[in-house]
Amino acid sequence: MSDTPKILYTLTDEAPFLATQSLLPIVEAFTATAGIRVETRDISLAARILAQFPERLRADQKAADDLAELGQLATTPEANIIKLPNISASVPQLKAAIAELQAQGYALPDYPEEPRDDAEKEIKARYGRAMGSAVNPVLREGNSDRRAPASVKAYARKHPHRMGKWTADSKSHVAHMDAGDFYGSEQSAVIAQAGSLRIEFAGDDGVVSVLKPAVKVGAGEVVDAAVMGAAALSAFIDAQIMDAKARGVLFSLHLKATMMKVSDPIMFGIAVKRFYAPVLDKHAAALEAAGFDANNGIGDLYARLPALDAGVREAIEADIAALYAERPALAMVNSDKGITNLHVPSDVIVDASMPAMIRDSGGMWNAEGKLQDAKAIIPDRCYAGIYQAVIDDCKAHGAFDPATMGSVPNVGLMAQKAEEYGSHDKTFRIAAAGSVRVVDEAGNVLMQHAVQAGDIWRMCQTKDAPIRDWVKLAVNRARLSNTPAVFWLDPQRAHDRNLIAKVERYLKDHDTAGLDIRILSPVEAMQLSLQRIRAGQDTISVTGNVLRDYLTDLFPIMELGTSAKMLSIVPLMAGGGLFETGAGGSAPKHVQQFVEENYLRWDSLGEFLALAASLEHLADTTGNARAKVLADALDAANATFLDTDKSPSRKVGGIDNRGSHFYLAMYWALALAAQDADAGLKARFAPLAAALTANEEKIVAEQIAVQGQPVDIGGYYHPDAAKLAAAMRPSATFNAALAAL
Ligand SMILES: NC(=O)C1=CN([C@@H]2O[C@H](COP(=O)(O)OP(=O)(O)OC[C@H]3O[C@@H](n4cnc5c(N)ncnc54)[C@H](OP(=O)(O)O)[C@@H]3O)[C@@H](O)[C@H]2O)C=CC1
Ligand SMILES: O=C(O)CCC(=O)C(=O)O
Ligand SMILES: [Mg+2]
C-alpha cells in the first residue's frame, strides 16, 4: 500500500461530468487537509473510444486505458473508487461521439456497421469494447447495497415530491409474451468441477460450428441458457400493435438496449420492423442501399433520408405519415421534436422509464405533449410481471404517498458479471435453423435448445463466491437495520431454482435467529413489499442483477422522486470499496438545458453520499483519523443540506448544481470548524467557514448572474476542459475562498 491514501474519482459523461468540474475542486481542497490524494480517471465514452486507437493518435491525443486500470484495481484491497454514472452507448450515440472526436481532429476510423474485411472487423470489435454497458460490469467486483439513508428518507417525508394520481379506470398495462421467450425456455445447470464449456451450433444441415470455444467455469457456478424466438416476438409485437390501437392507448416499448447491448437492440429492431412493416417492405431496396438498420431505431431511417433521391424520400415520408394514421399512437420521448419511443434504442430504458410512467399516473407523453394511458411492452416474462403488480396496486389503492410510505432498499447479486448483465459475449443471433448446445470438456451436453434463424440465444453465468457474498450481505443488512428481507426468486425458472437451493444452503452459514428472511417469486415479493410500503414499513429486496437495476430506480423514484438521492455502495469482494453515485443515469436532457441557459439541474446528492462513504472506508482501512473527521463532518453537512433543501431547483433563477456545491462546501466547512475531534482541522477550516458564511449572498448572486444565457462548452461527448471549468466555476468570490484554504 502506498503511503498517501488515495481516492480515485471517475470522470464520466454528460451532466455528472459537468457537475464534477465544480465539485471536484471542493473535494480536492477538503481532502488534502487530511493528506488524502484524489486522483481522476477518465472513463467517459470519448476516453474509452480514444483508448482503443492509440496507433492512430498523436502523442498528445492518446488516452490511457483508465477503465482497464480501475478494473484491475477493483480486484485489490486498496481500491477506493468513486464512480459517477456514465453513458452506456447505443450505436447512434457511439457514431455521434466518433463524429465529434473526428471533428476535433482525432483521426479515428468511421464505425463500420457492416465490415467488409478483416481490418474493418477489427475496428468494429474495438468500438464494440467501448459500447453498451462497458464500464459497470468491469468495475463491479462486488455485490450491490443500495438504499436511501435515513436522512434522505426523512427529507423526502418532509418535502414529498409530486406524485401523479391513479384511478381504477386507467387503461395502462404491461404486455408480455406468453411463450417463446427467454423465460419459457430457460435451462440451468450447476457446475460440479472447474473447467471450460463450449457453445456450439448444429445446423439442420448437419454442419456443426463453434459459437464460443471456451467459457471458463468454476465449481459451484450456476450457468443457464435461454432463447428468445424471433417469430414469436414478431407475432407478439403485431398483436400488441392491434391491441393498442383497439384500446386507444399509446404503444410503448421498454427494453434495456444499453446494458443488454447484444440482445435488446435486436429485439428493438424487431419491434421497429413490425411497427413500420408496410413502409419498410415497400421501400426495402432503397433503404437497404441507404444502409438503414432497424436495430438503431426509426431515427436511423430519418438520418439516411437526405441521402436518398428526392422522389424516394418524399414517397417514404408520405408512406410513414399514412402509416401513423393507421397505427396506434406511439409514446413520445420528445413530442416537440417528434422523437418517438422507436427512434433510438437508448432513449427509453426500462429501469428509469417504467418508474417515470408509474409516477406520472400510468401515462406517457403523446404527440400533443399530453399524458395518455399506455401499453408498456416488456416482451420477456422474467421481470415484466413486477411492473404489472405495481400498476394493479396503484389502480386498486391510488398513488403512493411519499410522505408516509416505507422503503425498499436492495441487496443485489452483481459481482463478476452475474447473470444476464454478463451475457453479452455469450449472446448470439442465430443464422439458421438447428440447435445450440453447451458442452463440457468430457463431451456431455449440459443444455440444448432448438432454434430458428433470427432467434436470440444467450448463456449467463453466476459464480458461486458472489452468491455466498450476496447471502451474507443480505443477512448483515437485515440484522443491521432490523428489517425483513425477501429473496426475489421464481421457482418457475430453472436458474432461480438453482439459486434458491444455494440460498437455502448458505443461509445456514449465518446466525439468522430472530430475522424475517423469506424467498418469494418476484410478483409475490412485489405485492408483499407494496402492501408493507403503504403501511409505512420497510422491506429489503434481495435480488439478482436485473431486478437490482430495476428496483433501485423504481422504489427511489416513487419514494424520493429520483434515484439520484440513493446511497449506492459496492463492497468489493477483495476488500476495497466502490462507491457509486445515485442509481440513475446521466440524464442527457440536463446538458441540453445547461448549454441553452447555463443552468444545470443535476442533483449531486449521490456524489455527496458516496464521498462520505468513501472517506469512511478510507479511515477504516488506512487508520487515517482525519479522514474520519472529514467523513463525520460531511455526514453532518449532508444532513443540513437536506434539511435546508439546497438541491437544485428546476428552473433558471434558483440555485442550480453549482449553488448546491457551494452550500455543501459551506456546511462541510462549518461542521469541521465546529468539531473538537481534531484541533488542527478545526483551526484550518474556521476561516473558510467564516468567509463562506459572510459571502453567502454574494456568492449565490455571482452564480445566479450567469444563468439565462447559452453557454459554449466546446463539445457534448468531449467538451473543452478550459471552457467547462470556467462555466462551472462562475463565482470568483467562492473560488478565491477555496483557494485560500
Ligand atoms: N450507473 C450508470 O453508469 C448508469 C448510467 N446510465 C446511463 O445514463 C443515460 C440516461 O439513462 P436514463 O435511463 O434516462 O436514466 P436517468 O436516470 O439519467 O434519467 C431518468 C431521470 O431521472 C432523473 N435524474 C436522474 N439522475 C438525476 C440527477 N442526479 N439529478 C436530477 N435528476 C436526475 C431525471 O428525471 P426527472 O426529470 O423526472 O427528475 C432524469 O430525466 C444513458 O446513457 C444510460 O446508459 C443509466 C443508469 C445508470
Ligand atoms: O451500466 C449501465 O448501463 C446502467 C447501470 C444501471 O442502470 C444501474 O446500475 O442501475
Ligand atoms: Mg439502473
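Note that the coordinates shown come from a computational prediction; the quantities given were computed from them, not determined experimentally.

Calculation criteria
- Residues numbered from 1 in each chain as written.
- Chains lettered and ligands numbered in written order.
- Predicted model: local features only at pLDDT ≥ 70, side-chain atom pairs only at ≥ 80, totals over all residues.
- Heavy atoms only, no water.
- Near = heavy atom within 4 Å.
- Polar contact = N/O pair within 3.5 Å; in protein donor to acceptor, adjacent residues only side chain to side chain.
- Pairing = 2+ DSSP bridges.
- Helix = DSSP H or I, 4+ residues; strand = E, 2+ residues; numbered from the N terminus.
- Axes fitted to C-alpha atoms, helices over the stretch in contact; angles between N-to-C directions.
- Donors = N, O, S within 2.8 Å, 3.2 Å for Na, K, Ca; no water.
- Buried < 20%, exposed > 50% of the residue type's maximum accessible area, 1.4 Å probe, protein only.
- Areas by Shrake-Rupley, 256 points an atom, 1.4 Å probe, with all protein chains shown as cover.
- Nonpolar A, V, L, I, M, F, W, Y, C, P; charged D, E, K, R; others polar.
- Expected span 1.5 Å × (residues − 1).
- Bend = angle between axes of the 7 residues up to and from the residue.
- Contact = heavy atoms within 4.5 Å.
- Phe/Tyr/Trp six-rings, centres within 6.5 Å; stacked < 30°, edge-to-face > 60°.
- Right-handed = clockwise from strand over helix to strand, strands pointing away.
- Core = buried A, V, L, I, M, F, W, Y, C linked by side-chain atoms within 4.5 Å.
- UniProt positions renumbered as here; feature names shortened; annotations may be inferred.

A. Local environment of the site of ligand 2. Neighbouring ligand 2 are Ser88, Ser133, Asn136, Arg140, Arg146, Lys256, Met259, Asp351, Arg548, Asp549 and Ala583. The contact in question runs from an oxygen atom of ligand 2 to an N or O atom on the side chain of asparagine 136, over 2.6 Å.

B. Structural detail: the sheet that holds strand 9 (residues 222–228). Reading across the sheet, the four strands line up as 6-9-19-16 and stay open at both edges, with antiparallel pairing between neighbours. With one partner strand each, in any of the chains shown, strand 6 (187–190) and strand 16 (427–429) form the two edges of the open sheet. On average, each strand axis in the sheet is inclined to that of its neighbour by 10°, with strand direction left out of account. Relative to strand 19 (residues 456–462), strand 16 runs antiparallel, the two sharing three bridges. Bridge pairing in strand 19 links threonine 427 to arginine 458.

C. Summary view of the coordination of the magnesium ion (ligand 3). Around the magnesium ion (ligand 3), the protein supplies Asp351 (OD) and Asp549 (OD) as donor atoms, at distances of 1.9 to 2.1 Å. Residue aspartate 351 is located in helix 15 (residues 350–359), and its partner aspartate 549 is located in helix 20 (residues 545–560); the two are separated by 198 residues in the primary sequence. Aspartate 351 sits in the buried class, given a relative accessible area of 6%.

D. Here's a closer look at the site of ligand 1. Taken together, 23 residues form the shell around ligand 1, and within it Arg359, Gly585, Ser586, Ala587 and Asp603 come nearest. Serine 88 is positioned with one of its backbone polar atoms (N or O) 3.1 Å from an oxygen atom of ligand 1. Within the backbone of aspartate 603, a nitrogen or oxygen atom sits 2.9 Å from a nitrogen atom of ligand 1. When ligand 1 sits alone it has 880 Å² of accessible area, and the protein chains cover 87% of it. Contributions of two or more residues to the shell around ligand 1 are made by helix 15 and helix 21 (588–597). With three residues, the single largest contributor to the shell around ligand 1 is helix 21. In terms of residue class, the shell around ligand 1 is made up of eight nonpolar, nine polar and six charged.

E. Focus on helix 25 (residues 679–694). Between its first and last C-alpha atoms helix 25 spans 22 Å; for 16 residues at 1.5 Å apiece the expected length is 22 Å, and the two agree. Taking the largest bend as the criterion, helix 25 deviates by roughly 35°, centred on phenylalanine 685, and proline proline 687 comes between one and four positions later. Here the buried face of helix 25 lies against helix 1 (14–32), helix 23 (625–643), helix 24 (657–674), helix 26 (696–705) and helix 28 (732–739).

F. Broad picture of the environment of arginine 458. Mapped onto the elements of the fold, arginine 458 is located in strand 19. For arginine 458, a relative accessible area of 7% translates into the label buried. Linking arginine 458 and aspartate 425, residues 33 residues apart in sequence, is a C-alpha distance of 8.8 Å. Look past the residues within four positions of arginine 458 in its chain and what remains in contact with it is Phe182, Asp224, Ala225, Ala226, Met260, Ser263, Glu420, Ser423, Lys426 and Thr427.

G. Summary view of the packing of aromatic side chains. One pass over the structure, following the stated rule, counts 16 aromatic pairs. Ring centres of phenylalanine 251 and phenylalanine 275 lie 5.1 Å apart, and the angle between their planes is 50°; this geometry places the pair in the tilted category. One end of the pair, phenylalanine 251, is in strand 10 (residues 250–253); the other, phenylalanine 275, is in helix 10 (residues 263–275), and 24 residues separate them in sequence. Take phenylalanine 251: its relative accessible area is 0%, and that puts it in the buried class. The class of phenylalanine 275 is buried, set by a relative accessible area of 0%. Taking the centre distance of 5.9 Å and the plane angle of 35° together, the rings of tyrosine 663 and tyrosine 667 count as tilted.

H. Focus on the sheet that holds strand 15 (residues 410–412). The strand order 2-1-3-24-23-4-15-22-20-21 describes an open sheet built from 10 strands, whose pairing is mixed. Of all the strands in the sheet, the pair left with one neighbour each is strand 2 (37–42) and strand 21 (517–520). Sheet twist, expressed as the average angle between the axes of neighbouring strands with direction ignored, equals 20°. When strand 15 meets strand 22 (residues 540–543), the two strands line up parallel, connected through three bridges. Its bridge partner lying in strand 22, asparagine 410 is registered against serine 541. Relative to strand 21, helix 18 (residues 494–507) is tilted by about 170°, and along the sheet it contacts strand 20 (485–488) and strand 21. Taken strand by strand, helix 20 contacts strand 4 (144–147), strand 15, strand 20 and strand 22, and its axis lies near 150° from that of strand 22.

I. The arrangement of the pairing of strand 1 (residues 6–11) in detail. The element strand 1 is extensively covered by neighbouring structure, given that five of its six residues are classed as buried. Sheet analysis places strand 1 next to strand 2, joined by six bridges and oriented parallel. Across the sheet, the residue bridging to threonine 10 is arginine 41, located in strand 2. Handedness of the crossover is the feature at issue here: the chain leaves strand 1, passes through helix 1, returns alongside strand 2, and the resulting connection is right-handed. As paired elements, strand 1 and strand 3 (residues 80–83) share two bridges and run parallel to each other. The residue of strand 3 that forms the bridge with leucine 8 is isoleucine 81.

J. Molecular detail of the side chain of lysine 375. Mapped onto the elements of the fold, lysine 375 is located in strand 14 (residues 371–377). Reaching out from lysine 375, the side chain makes a polar contact with the side chain of histidine 173 at a distance of 2.9 Å. With residues near it in sequence (within four places) discarded, lysine 375 still touches His173, Ala175, Gln240, Asp243, Ala244, Val249, Leu250, Phe251 and Ser252.

K. A look at the nonpolar core. Core analysis: the biggest nonpolar cluster contains 64 residues, and Phe30, Ile36, Leu615, Phe662, Trp668, Leu672 and Leu692 have the highest contact counts within it. Here the element with the most residues in this core is helix 24; it accounts for 11 residues. Each residue touching phenylalanine 662, except ones within four places of it in the same chain, is listed here: Leu692, Glu696, Ile699, Val700, Gln703 and Phe734. Counting 44 residues, the second largest nonpolar core, distinct from the first, contains Ile391, Ile533, Leu547 and Phe555.

L. View of the UniProt feature "binding site: D-threo-isocitrate" (unreviewed entry) in the chain. Following the UniProt record, the feature "binding site: D-threo-isocitrate" (unreviewed entry) maps to Arg146 and Arg548 here. A compact arrangement is adopted by the annotated residues: their sequence extent is 403 residues, whereas the largest C-alpha distance between any two is 8.7 Å. Here arginine 146 shows up in strand 4. Look past the residues within four positions of arginine 146 in its chain and what remains in contact with it is Arg140, Pro409, Asn410, Arg548, Thr552, Met566, Leu567, Ser568, Glu580 and Ala583. Within the structure, arginine 146 has its side chain in polar contact with the side chain of threonine 552 (distance 2.7 Å). Mapping arginine 548 onto the fold places it in helix 20.

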